[in-house]
Amino acid sequence: MPSRATDHLPNPTPVRLSRRDALKRLGAVGAGLLLPGDIVLGQSGDIVIAGEPVEIVVSSVSPATVRLTVVPRANGGVETQDFASRPADGALVPEGQGHVLERRRGAGAVGPIRARDLVVNFIASPPTLLVETPEGKLIQRLTLDAQTPGMSFLLGDGPLLGLGQGGPQFDRKGTTDRMRSGQGGYQLSTHGARVPIQWLVGTDGWGLFIHQPLGSFDFTGTEGRFTPGRDSLPLDVFVVSSRDPKQIMREYARITGLAEMPALWTLGYLQSHRTLGGPDEIMSVARTMREKKLPCDALIYLGTEFCPSGWNTRNGEFTWHKGNLPDPKATIATLHEQHFKVVLHIVIEGRRLTGTVHEPCDPNDAVPSGRDENDRWPANRSVPCYWPYHKPLFDVGVDGWWPDQGDGLDAASRLNRHRMYWEGSQLYRPDERPFALHRNGSAGMQRYAAFLWSGDVQSRWETLRTHVPIAVNTGLSGIPYWGTDIGGFVPTSEYTGELHVRWFQFGAFCTCFRAHGRNWHLRLPWGWNDGDGGPPETGSFNPDPAELKNPQVEPILKKYLELRYRLLPYTYTAVRECCETGLPIMRALWLHYPDDPAAVARGDQFLWGRDMLVAPVVEQDASSRRLYLPRGTWVDFWTEQPVEGGREIERPVDLETMPLYVRAGAILPLGPVKQYADEQVDEPLSLVIYPGADGASALYEDDGRSFAYRQGDFMRIEMAWQDDARLLTLKLAAGSRMRAPASRTIEVRVAGRQKKQIISFDGQPMEVHL
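Every value quoted in this text rests on a predicted model; they were computed, and no experiment measured them.

Summed over all chains, the structure comprises 48 salt bridges. In this structure, Arg419 and Glu423 form a salt bridge, with 3.0 Å as the shortest nitrogen-oxygen distance. Note that Arg419 and Glu423 are positioned in helix α8 (residues 411-428) at a spacing of four residues, about one turn of the helix. Overall, Glu423 belongs to the buried group, its relative accessible area being 18%. Close ionic contact of Lys559 with Glu656 constitutes a salt bridge, the shortest N to O distance being 2.8 Å. With Lys559 in helix α11 (residues 553-566) and Glu656 in the loop between β34 (647-652) and β35 (660-663), this residue pair connects regions lying 97 residues apart in the sequence. Each of the salt bridges in this network shares a partner with another, and the network as a whole consists of Arg602, Asp604, Arg625, Arg626, Glu648 and Glu650.

Following this line, the structure appears as structure tokens:
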């Protein structure tokens, strides 16, 4: 299949090896791979994998990525099944298909096949594919079985990361994983729902994406073992090789696609509701947010059935609960006047979701939006028939969606649900970026700006502690927009104001910043100080009455709400970088410090963008937090004191402090405190320079709502700091333009100093001496 990146390349002529050279190459990868008897090049025997004659197809995707496909041969091995004709699962983008270099059927056909900067060799017994550099360095060895399904592969020397949301943490080595999607995937209470993505990141310089089939993994041995589920063939594998972690992430994005830009408001605070007490309560929450000046962008409403009184009549139904929303259009209009977005909870169950919003509905495929006349969920659902149920809600002003459930959907249907909300929303609002927060996911979901949360976890310290590495592995798996139910969905005896504060601090540095859970009044910023606790929804949970009058909680939550909104210019720039490069927003230290083994191994902390290090406090009654600072100079965000890295430190903490550090040389753009992301505030942008090293940063802006940035309507300011000269330079990036106002007032300060300098930037290159 053609690829833009490789169309110009001629098909290489395979290099034939002598018996002596072939044995020498085999010996280099281990005696266990030596062929019995003579190696006869060009012999006529079939290649047999999992009991079937196959053809092996080698495709070049990029200089760093090769695609290896094992395709069954039909009609007694005469014809090769057309892999491209198989039903698409939607995971791959055209750029990731690759350009076919070679097809091999004969067992005696020994490589090498040159695939740009990689070389592929095939060994007949056992059937083995070797991926090496041109210099002969082994990158990956895929050993197949002639009679039984499965594949073994090298695990590498460093930690093994990725593999989606949930499952055993942090390093996947030494574990087994059934890769079962949904709430029943793996230890829901502490690890959350499982979103399996068959993308493995070898931190010593490689990546492995098993596109098809889906299966399970065993990492307990010296080699990894992949066992397919239902279908053992075709086997479709991508091998990536690079010493640069950023290149490895870009290659995964090349295969499955880059993320789309979300709206700016989706990066603000999202407040969930559960059991509603009528229209007055809906308005009271909104009013209190604004009166207390607690920044918030969206109010989210659960459906009826998972609670006794939600926004609708029942899960799956699109009819309004008249007791709570007697005039939904007027209510939503009032909330919009207060600058809140409105997001609604939607449920479907079933097995398959097929078709697209661009197709007509076949009347034979039409089913109810929820259960059928027998009170059962239809197994099969058609997108063209289902999506129009949403239009009346768009018509009254609903801004976003919370597609829940769907654990029973197959992988293609899970991805199609993401696609439906992205493309369907644009049918009705073509120049507005959609928002949908999903429970389930699949490879490629980032192409639809899909948000994900970790499911119905319990309010426990172990859950909070485990979710830090879960966040890191989720980001490495191509899922950049992620969060968790702040406080934990199911309250336990461990749920106190302290746990809520620590979870909220962590949530302020998750891409999806949202509080949700049973006893939902405790999820409100003032919930631990109003003596209520909300409707009791977990029989075994009885909060300590003293905890319900905890005056410490609300001020601390407000502090982190305001910090989240002040950081929006920095965060939004990191989001744009994600959409251009494939780098997540919540980043493993490995991505920027691959040569620091201690940094690579840390899963209990992460980088927020490139320049901020976040170390959540995950222990009860903590008075300090032990953390690792990578090599170089860092600056404590709170005290602005420099600290040398390359070592562990013990940072004292009180309840209001979560350790944050900024890389020396960083230029951090900070906005004024806002009550919602799009608020126009008559205060300047601030640039805080963290001295101790040279550095370069950027600030990206667009309108935060539309797709105009695709046509060049955006601003990117490139910023550089020369530490010895104390010189800051600013200039517009090529292809960008100034956004209103034409001249920007900017407040500039060096961390550790109080003196501020006010400058005016009009798009022309300028220098500022500090």
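Now, onward.
Okay, the layout of surface pockets next. Any empty space left between the atoms is revealed when a probe the size of a water molecule rolls over them. Each pocket or cavity is described by its volume, and for the largest pocket that value is around 1200 Å³. Every residue lining the largest pocket is counted, 36 residues in all, and those nearest its centre are Leu214, Arg230, Asp410, Ala411 and Ala412. Taken together, the elements giving at least two residues each to the lining of the largest pocket come down to β13 (195-202), β14 (206-212) and α8. Counted by class, the lining of the largest pocket contains 17 nonpolar, eight polar and eleven charged residues. Estimated volume of the second largest pocket: approximately 820 Å³. For the second largest pocket, the lining is made up of 32 residues, of which Lys674, Glu679, Gln680, Glu701 and Arg744 are closest to its centre. When contributions to the lining of the second largest pocket are tallied by element, the ones reaching two or more residues are α12 (568-581), β38 (695-701), β39 (715-722) and β41 (744-750).

Bringing the sheet that holds strand β8 (residues 128-132) into the picture now. Pairing is antiparallel across the open sheet formed by eight strands, whose spatial order is β6-β7-β8-β9-β10-β16-β15-β12. Across the chains shown, the open sheet's two edge strands, defined by having one partner strand only, are β6 (113-115) and β12 (176-177). As defined by bridge partners, β6 adjoins strand β7 (residues 118-123) across three bridges and the pair is classed as antiparallel. Bridged to Ile113 within β7 is Val120.

What follows deals with the nonpolar core. Phe506, Phe509 and Met612 are the most contacted members of the largest nonpolar core, which totals 151 residues. Apart from residues no more than four positions distant in its own chain, Met612 is found in contact with Phe509, Leu567, Tyr570, Phe606, Leu607, Phe637, Leu660, Tyr661, Val662 and Leu668. Counting residues in each nonpolar core, the second largest holds 37 residues, with Leu68, Leu155, Leu200 and Trp206 among its members.

Taken in spatial order, the three strands line up as β24-β25-β26 in an open sheet, and their pairing is parallel. In this open sheet, the two strands that pair with only one neighbour each are β24 (437-438) and β26 (482-483). In this sheet, β26 lies alongside strand β25 (residues 451-453) in parallel orientation, the contact comprising two bridges. Looking at the pairing, Leu452 lines up with Trp482 of β26.

This part is about the side chain of Thr69. Tracing the chain through its elements places Thr69 in strand β3 (residues 65-74). Here Asp236 takes part through its side chain, which lies 2.8 Å from a polar atom of the side chain of Thr69.

A word on unusual backbone geometry. Here the bond from Ser125 into Pro126 is cis, since omega is -10 degrees, no more than 30 degrees from zero. On the secondary structure map, Pro126 appears in the loop between β7 and β8. The residue after Gln212, namely Pro213, is reached through a cis peptide bond having omega -5 degrees. A positive phi angle, near 55 degrees, is found at Lys293, a position not held by glycine. Among the secondary structure elements, Lys293 is positioned in the loop between α4 (279-291) and β19 (298-301).

Moving on to the state of the cysteines. If you walk through the whole model with that rule in mind, you get one disulfide. As a non-bridged cysteine, Cys307 has Cys296 as the owner of its nearest cysteine sulfur, 18 Å distant. Its relative accessible area of 3% is what places Cys307 among the buried residues.

Examined against the element boundaries, His345 turns out to sit in strand β20 (residues 341-347). With near-sequence residues (within four places) excluded, His345 lies in contact with Tyr301, Leu302, Gly303, Phe306, Trp311, Asn315, Trp402 and Asp404.

Throughout the structure, instances matching the rule amount to 35 aromatic pairs. An angle of 40 degrees between the planes, with centres 6.0 Å apart, marks the rings of Tyr495 and Phe541 as tilted. Within this pair, whereas Tyr495 is found in the loop between β26 and α10 (497-507), its partner Phe541 is found in the loop between β27 (513-515) and α11, the two being separated by 46 residues in sequence. Each member of the pair Tyr495 and Phe541 is classed as buried. Judged by centre distance (5.7 Å) and plane angle (80 degrees), the ring pair of Phe509 and Trp608 falls under edge-to-face. Residue Phe509 is found in the loop between α10 and β27, and its partner Trp608 is found in strand β29 (residues 606-608); the two are separated by 99 residues along the sequence. Per residue, the accessibility class of Phe509 equals that of Trp608, and both read buried. Within the aromatic cluster, the residues linked to one another by ring pairs are Trp387, Phe394, Trp401, Tyr421 and Tyr428. Above the face of the Trp402 ring, Arg514 is positioned so that its terminal group lies 4.6 Å from the ring centre.

The next point concerns helix α5 (residues 328-337). Side chains that are three or four residues apart share a direction in an α-helix, a result of its 3.6 residues per turn. Those residues of α5 lying buried are Pro328, Thr331, Ile332 and Leu335. Angular distribution of buried residues about the axis of α5 spans 95 degrees; they occupy a single face of the element. Away from the buried face of α5 by more than 90 degrees, exposed residues Lys329 and Glu337 are located. On its buried side, α5 packs onto α4, β19 and β20. Directly beyond the C-terminal end of α5, a positive phi value near 70 degrees is found at His339.

Basis of the calculations
- Residues numbered from 1 in each chain as written.
- Predicted model: local features only at pLDDT ≥ 70, side-chain atom pairs only at ≥ 80, totals over all residues.
- Heavy atoms only, no water.
- Salt bridge = Lys/Arg side-chain N within 4 Å of Asp/Glu carboxyl O.
- Helix = DSSP H or I, 4+ residues; strand = E, 2+ residues; numbered from the N terminus.
- Buried < 20%, exposed > 50% of the residue type's maximum accessible area, 1.4 Å probe, protein only.
- 1 Å grid on protein atoms, 1.4 Å probe; cavity = no way out; pocket = protein on both sides within 12 Å on 5 of 7 lines; lining within 4 Å.
- Points joined across faces, edges and corners; volume = space filled by probe spheres on them.
- Nonpolar A, V, L, I, M, F, W, Y, C, P; charged D, E, K, R; others polar.
- Pairing = 2+ DSSP bridges.
- Core = buried A, V, L, I, M, F, W, Y, C linked by side-chain atoms within 4.5 Å.
- Contact = heavy atoms within 4.5 Å.
- Polar contact = N/O pair within 3.5 Å; in protein donor to acceptor, adjacent residues only side chain to side chain.
- Disulfide = S-S within 2.5 Å.
- Phe/Tyr/Trp six-rings, centres within 6.5 Å; stacked < 30°, edge-to-face > 60°.
- Lys NZ or Arg CZ within 6 Å of the ring centre and 35° of its normal.
- Arc of directions from axis to C-beta.

Shape descriptors only; they carry no functional weight alone.
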